[in-house]
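Analysis of the macromolecular model
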Amino acid sequence: MLNIALPKGRLGEQVYGMFAAAGFPCPSILEENRRLIFVNEAQGLRYFWVKPSDVAVYVERGAADVGVAGKDILLEYAPDVYELLDLKVGRCRMAVAAPAEFRDDHRRKLRVATKFDRIAGGHYASLGRDIDIIHLNGSIELAPLLGLSDVIVDIVETGTTLRENGLKVVTEILPISARLITNKASYEFCRGEIENLRHGLWLQTEEKP
Ligand code: PRP
């Protein structure tokens, strides 16, 4: 049985379409219900819907053999997994954003609100800029509006959340997309099947620029 952890939500549904087209289908996953585990006995496949930020935990610990996680999560948590393929979906950017009137005052520590402490820390360390990280779990855009932080480091997809809250991108840190990852031991034991999966998915990414 190959255990596959997919991120619950719109991205997961798109990614499942790619897995099915790659020859790894599990039609019951498309039924309208709240189940989290779906099995294709005939092909020896078991899919799980996992909270996107948890996929790498399932894969790292071997509860799933393969999974799909955002590059943001892989950089932030550095799980001990192999990254096999850029699926070229779920594309967005990690960026620094701030109110339009923001001017960096280098005499003071910069207050940075983020869910991504390691990415934010690494970015400012590379600039030699002293910062104070304020870790938040969501609605990061609120922080500078309420004076909790000077800037945010967060994911920007369409830019709508920033725009509607009067914030602007200051610096783009890196592009993000969904990646196929595998548990290291699973990759040794099921290399043939996992490589078939990688190849089937790769053929589809080749159609994307
Ligand atoms: C993400 C991100 C931004 C928003 C960006 O939030 O943290 O808030 O999406 O998307 P946009 O550029 O298309 O507007 P998410 O929906 O994951 O919620 P949360 O971070 O507030 O939990």
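Structural notes, computed from the coordinates. Here the structure is a predicted model, which is why all the values come from computation and not from measurement.

1. Considerations on the pairing of strand E4 (residues 66–70)
- The element E4 is extensively covered by neighbouring structure, given that 5 of its 5 residues are classed as buried.
- With burial as the criterion, each face of E4 is covered, one bearing Val66, Val68 and Gly70 and the other bearing Gly67 and Ala69.
- Looking at chain direction, E4 and strand E11 (residues 178–182) are connected through 5 bridges and run antiparallel. Paired with Gly67 across the bridge in E11 is Ile181.

2. Overview of the site of the ligand
- Taken together, the neighbourhood of the ligand is formed by Lys115, Gly138, Ser139, Glu141, Asp154, Ile155, Val156, Glu157, Thr158, Gly159, Thr160 and Thr161.
- Note that an oxygen atom of the ligand is positioned 2.6 Å from one of the side-chain N or O atoms of Glu141.
- Note that an oxygen atom of the ligand is positioned 2.8 Å from one of the backbone N or O atoms of Glu157.
- Using a 2 Å cut-off from the grid points, one finds that the ligand occupies the largest pocket.
- When residues of the shell around the ligand are traced back to their parent elements, those giving at least two are strand E9 (151–156) and helix H6 (160–164).
- If one sorts the elements of the shell around the ligand by residue count, E9 sits on top with 3 residues.
- Here the shell around the ligand is composed, by residue class, of 2 nonpolar, 6 polar and 4 charged.

3. What to know about the layout of surface pockets
- Of the voids in this model, the largest pocket is the one considered here, and its volume is about 990 Å³.
- In terms of lining residues, the largest pocket is bounded by 41 residues, among which Pro52, Asp72, Cys92, Lys115 and Ile155 are the most central.
- Elements with a contribution of two residues or more to the lining of the largest pocket: helix H1 (10–21), E4, helix H3 (71–77), E9 and H6.
- Looking at side-chain class alone, the lining of the largest pocket contains 17 nonpolar, 15 polar and 9 charged residues.
- When its volume is computed, the second largest pocket comes out at roughly 290 Å³.
- Along the walls of the second largest pocket sit 14 residues, with Glu13, Ile29, Asn33, Arg35 and Trp49 positioned nearest its centre.

4. Observations concerning the sheet that holds strand E3 (residues 45–50)
- One open sheet holds the 6 strands; their spatial order is E2-E3-E1-E4-E11-E5, and the pairing between them is mixed. Every interior strand has two partners, whereas the edge strands, strand E2 (37–40) and strand E5 (82–86), have only one. Along the sheet, successive strands turn relative to each other by an average axial angle of 25°, direction set aside.
- Running over the sheet, H1 touches strand E1 (2–7), E3, E4 and E11 and is turned about 145° from E1.
- Against the sheet, helix H8 (residues 191–205) makes contact with E1, E3, E4, E5 and E11, and its axis sits at roughly 30° relative to E5, the strand it touches most.

Thresholds, definitions, all that
Within any chain, residue numbers begin from 1 and follow the written order of that chain's sequence. Only residues with pLDDT of at least 70 get local features here, since the model is predicted, and only at 80 or more are side-chain atom pairs given and counted; chain-wide, interface and lining totals rely on the full set of residues. Hydrogens and waters are ignored; side-chain quantities use all the structure's heavy atoms. A 1.4 Å probe rolled over the protein chains alone gives each residue an accessible area, and that area as a share of the maximum for its type sets the label: buried under 20%, exposed over 50%, partly exposed in between. Only DSSP runs of H or I reaching four residues or more are called helices, and only runs of E reaching two or more are called strands; each is numbered from the N terminus. At least two DSSP bridges between two strands are required for those strands to pair. Near residues are defined by distance, with any heavy atom within 4 Å of the molecule or strand qualifying the residue. Any pair of N or O atoms that falls within 3.5 Å is considered a polar contact. Within protein, one atom must be able to donate a hydrogen and the other to accept it, and sequence-neighbouring residues count only if both atoms are side-chain atoms. Here a cavity means grid points, on a 1 Å grid over the protein atoms only, where a 1.4 Å probe fits yet cannot get out; a pocket means an open set of points with protein on both sides within 12 Å along at least five of seven lines; lining residues are those with an atom within 4 Å of a point. Cavity and pocket membership follows a simple rule, namely that a molecule belongs there if more than half of its atoms are within 2 Å of the grid points. Note on residue categories: nonpolar means Ala, Val, Leu, Ile, Met, Phe, Trp, Tyr, Cys or Pro, charged means Asp, Glu, Lys or Arg, and polar means any other residue, Gly included. Grid points are joined across faces, edges and corners, and a volume is the space filled by probe spheres set on the points. Every axis corresponds to a line fitted to the C-alpha atoms, with the helix fit spanning only the stretch in contact, and the corresponding angles, defined between N-to-C directions, vary from 0 to 180 degrees. Only heavy atoms enter the contact rule, under which two residues are in contact if any of them lie within 4.5 Å.

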